[in-house]
Amino acid sequence: MEVRPVILQIAGYQNSGKTTVAEQIISSLTKEGLRVASFKHHGHGGKPALPEGKDSTRHMHAGSLAAAVEGDGTFAITIQDEQFQLEQWIELCHSINIDVLLIEGYKEKPYEKIVCIRSEEDRKLLRLSNVIAVVSWIPIESDFPVFSVQEEELYCAWMSGYLRRKRHV
């Protein structure tokens, strides 16, 4: 029986701490022995930069839909397809036997989310679907567990427990 990874999103506006929170959670879960994959939405406009002069980039410039390079156990893949969807990336991740897929961004997708709040204006993000916790720069009250952005150990421990319960349900 195939065990599907738990999918978790880190959602918030630009400069709200999403990448830092993701990095802390990934590091914590990895130290516990969980296999974690991550995916970041490049929401700043334009395409992500490809490494210039590399063979895989040259393949992409020549028209390849996907180009990959592997060495010493590291596999990097670039896919250039305007039709490629987040759900296809999730399916690709199933083949690498992961426990947790962490998605940074894609606020409107229906996966469970940790919301990062930096300012009062960001509170509207608490109305997103499937919010399970909040990491905040400001004091807020919420129906969800709320952690200060500086409480890295607390939110990582909470997330670890949450994910372990989800994986064994």
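Our structure is the block above this text.
Criteria and cut-off values
Residues numbered from 1 in each chain as written. Predicted model: local features only at pLDDT ≥ 70, side-chain atom pairs only at ≥ 80, totals over all residues. Heavy atoms only, no water. Helix = DSSP H or I, 4+ residues; strand = E, 2+ residues; numbered from the N terminus. Areas by Shrake-Rupley, 256 points an atom, 1.4 Å probe, with all protein chains shown as cover. Lys, Arg positive; Asp, Glu negative; His and termini not counted. Charge placed at Lys NZ, Arg CZ, Asp CG, Glu CD. Pairing = 2+ DSSP bridges. Axes fitted to C-alpha atoms, helices over the stretch in contact; angles between N-to-C directions. Contact = heavy atoms within 4.5 Å. Buried < 20%, exposed > 50% of the residue type's maximum accessible area, 1.4 Å probe, protein only. Salt bridge = Lys/Arg side-chain N within 4 Å of Asp/Glu carboxyl O.

Enquirer: Would you mind going over the overall build of the protein chain with me for this structure?
Expert: When helices and strands are tallied, the protein chain shows four helices and eight strands. Dimensions along the principal axes, computed over C-alpha positions, put the protein chain at roughly 55 × 40 × 25 Å. Summed over all atoms, the accessible surface of the protein chain reaches about 10500 Å², with 50% contributed by carbon and sulfur. Treating the 19 positive side-chain charges of the protein chain as one cloud and the 23 negative ones as another, the clouds have centres 2 Å apart.

Enquirer: What's the story with the sheet that holds strand E8 (residues 146-148) in this structure? I'm lost.
Expert: Across a sheet, strands are paired by hydrogen bonds formed along the backbone, either parallel or antiparallel in direction. Read from one edge to the other, the open sheet built from six strands follows the order E2-E5-E1-E6-E7-E8, with strand pairing classed as parallel. The strands lining the two open edges of the sheet, one partner per strand, are strand E2 (36-40) and E8. For this sheet, the mean inter-axis angle between neighbouring strands, taken without regard to orientation, is 20°. With five bridges joining them, strand E1 (residues 6-12) and strand E5 (residues 100-104) adopt parallel strand pairing. Across the sheet, Ile7 pairs through a bridge with Leu101, a residue of E5. Those strands touched by helix H1 (residues 18-31) are E1, E2, E5, strand E6 (112-117) and strand E7 (131-136), and its axis lies near 170° from that of E5.

Enquirer: Is there a simple way to explain the side chain of Asp122 in this structure?
Expert: The topology assignment puts Asp122 in the loop between E6 and E7. Within the buried core, Asp122 has no salt-bridge partner, and the shortest N-O distance to an opposite charge, that of Lys124, equals 6.8 Å. Setting aside residues no more than four positions away along its own chain, Asp122 makes contact with Tyr13, Cys116 and Ile117.

Enquirer: Is there a simple way to explain the pattern of salt bridges in this structure?
Expert: Once their charged atoms are close, side chains differing in charge can pair, the charge on each being opposite to the other. In this structure the tally under the stated criterion is six salt bridges. A salt bridge links Arg58 to Asp55; the nearest nitrogen and oxygen atoms lie 3.8 Å apart. One end of the pair is Arg58 and the other is Asp55, both in helix H2 (residues 55-61) and three residues apart, which spans about a single turn. With a shortest N-O distance of 2.6 Å, Arg123 and Glu120 are connected by a salt bridge. What makes Glu120 partly exposed here is its relative accessible area of 46%.

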